[in-house]
Structures are given as structure tokens and as C-alpha cells.
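Spelled out, the chains give:
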Amino acid sequence: MNKKAYLAGGCFWGLEDLFRGLEGVKDTKTGYTGGKNENPTWDFHPGHAETLKIEYDPEKISFKQLLDFFFRVHDPTTLNQQGNDRGSSYRSAIFYQNDEEEKAAEAFIEVVNDSGRWSDPVVTSLEKFEKFWLAEEVHQDYLVKNPGGYTCHFIRFESYLK
């Protein structure tokens, strides 16, 4: 049975483009979570983070492996910013669904901080998942539809997992 993970690390276009290629990832959708209003839109999503919903096969890729990739493809040390994108919409956040995911995320943040790969500490927030709102169709598979489109996501490091 597939599971879902909800990760925010700046503009959701770049995250989706990279995560979709991982073995064990079955589907990705861009959207909004963690905010104040229902039915958020690109133009109005106060408090929401641009979030990637990842449907994955836990027999092929674990939540911990998803976190490993997440921390390799964005800068988790910049508060409310990735690349040129600024504001809480672009915060680094893990929306955990249960105690197990929360503990795994806390432990992985410690691994990232202890690695010495970043000069500043991780500011990724851990937020209880409540609801995911699907982004408009134009934002789904954006970089597939627009191969020259903007992204600030790329693989920065080798795996943190040993």
C-alpha cells in the first residue's frame, strides 16, 4: 500500500521535478498546506507553504530516504526563502502525519546539522499535517510543460545516509 509525504522547500515546481524521478515515487502533486484559509490559490494562500505531496511505495523508498533527498535538493538553512523566492510560502517545512514521521524528521534534522555541510543551522519547521489543497492545474508538472522554467532546486550533496 502506498503512503504519502508532504514536504515544502521553496517553489514547488523544482521539488516536484526532482522527486518525480526517484524510484519508488508513484505520483507527485503540487499544492498548499499549513495556512489559514480554505481553498487557497496561487494569488491568495496566507500562511500556506508551497508543498509537494509525494505518493510513494514504502517497499521501494522509505520516508527517511525521502527526507535524505529533500535535504539534498534545497537549502534548509534559509528562513522563508529559496533562491529568489521569499516569504513564508517558500519556507522549508516537513508536514508530519504521525509521531513516527515527526521523530524521523527530528532525527534527520540532527543528522543534517551534524554533517557540517551547511554553515548555518537547519531552520526547517516541523508542522503537523492538517490538509493538502491541490494547486491549480498550471502548477502541476510545470517544469515538464515548461522545460526552461525557473527552479532553484538541484542536487547539492551526496546522500546523508551511510
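Our structure's up above, just so we're on the same page.
Residues numbered from 1 in each chain as written. Predicted model: local features only at pLDDT ≥ 70, side-chain atom pairs only at ≥ 80, totals over all residues. Heavy atoms only, no water.

S.K.: Sorry if this is basic, but what is going on with the pattern of salt bridges here?
M.R.: Here the idea is simple: oppositely charged side chains can pair when their charged atoms come close. Per the stated rule, a full pass over the model turns up 6 salt bridges. Of the charged contacts, one joins Asp-141 and Arg-20 as a salt bridge, the two residues approaching to 2.8 Å between their closest N and O atoms. Here Arg-20 lies in the loop between α1 (12–19) and β2 (25–33) and Asp-141 lies in the loop between β8 (133–134) and α4 (142–145), a separation of 121 residues in the sequence. Since its relative accessible area comes to 27%, Asp-141 is described here as partly exposed. Glu-137 is paired through a salt bridge with Lys-145; the nearest N and O atoms lie 3.4 Å apart. (Salt bridge = Lys/Arg side-chain N within 4 Å of Asp/Glu carboxyl O. Helix = DSSP H or I, 4+ residues; strand = E, 2+ residues; numbered from the N terminus. Buried < 20%, exposed > 50% of the residue type's maximum accessible area, 1.4 Å probe, protein only.)

S.K.: Explanation requested: the sheet that holds strand β6 (residues 92–96) in the structure shown.
M.R.: Strand pairing in a sheet relies on backbone hydrogen bonds. The paired strands run either parallel or antiparallel. Overall, mixed pairing links the 6 strands, which are arranged β7-β6-β1-β3-β2-β8 in an open sheet. With partners counted over all chains shown, the strands left at the sheet margins are β7 (125–128) and β8, one partner each. Summarising the sheet, β6 and β7 pair through 4 bridges and their orientation is parallel. From the neighbouring strand, Ile-94 faces β7, where its bridge partner is Leu-126. Lying over the sheet, α1 contacts β1 (3–9), β2 and β3 (49–56), oriented at roughly 170° with respect to β2. (Pairing = 2+ DSSP bridges. Contact = heavy atoms within 4.5 Å. Axes fitted to C-alpha atoms, helices over the stretch in contact; angles between N-to-C directions.)

S.K.: I'm lost on unusual backbone geometry in this one. Help?
M.R.: You will see that Asn-39, though not glycine, has its phi angle at about 55°, which is positive. Tracing the backbone shows Asn-39 in the loop between β2 and β3. With a phi close to 55°, Asp-141 is a non-glycine residue in the positive phi region.

S.K.: Sorry if this is basic, but what is going on with helix α3 (residues 99–115) here?
M.R.: Since the α-helix packs 3.6 residues into each turn, any two residues three or four apart lie on the same face. With 17 residues, α3 extends 24 Å from end C-alpha to end C-alpha; this agrees with the ideal 24 Å at 1.5 Å per step. On its buried face, α3 is in contact with β1, α2 (63–73), β6 and β7. Where α3 begins, the side chain of Asn-98 points an oxygen toward the backbone nitrogen of Glu-100, at a separation of 3.1 Å. Once α3 ends, the next one or two residues include Gly-116, with phi positive near 75°. (Expected span 1.5 Å × (residues − 1). Polar contact = N/O pair within 3.5 Å; in protein donor to acceptor, adjacent residues only side chain to side chain.)

Keep in mind these numbers describe shape, not what the thing actually does.
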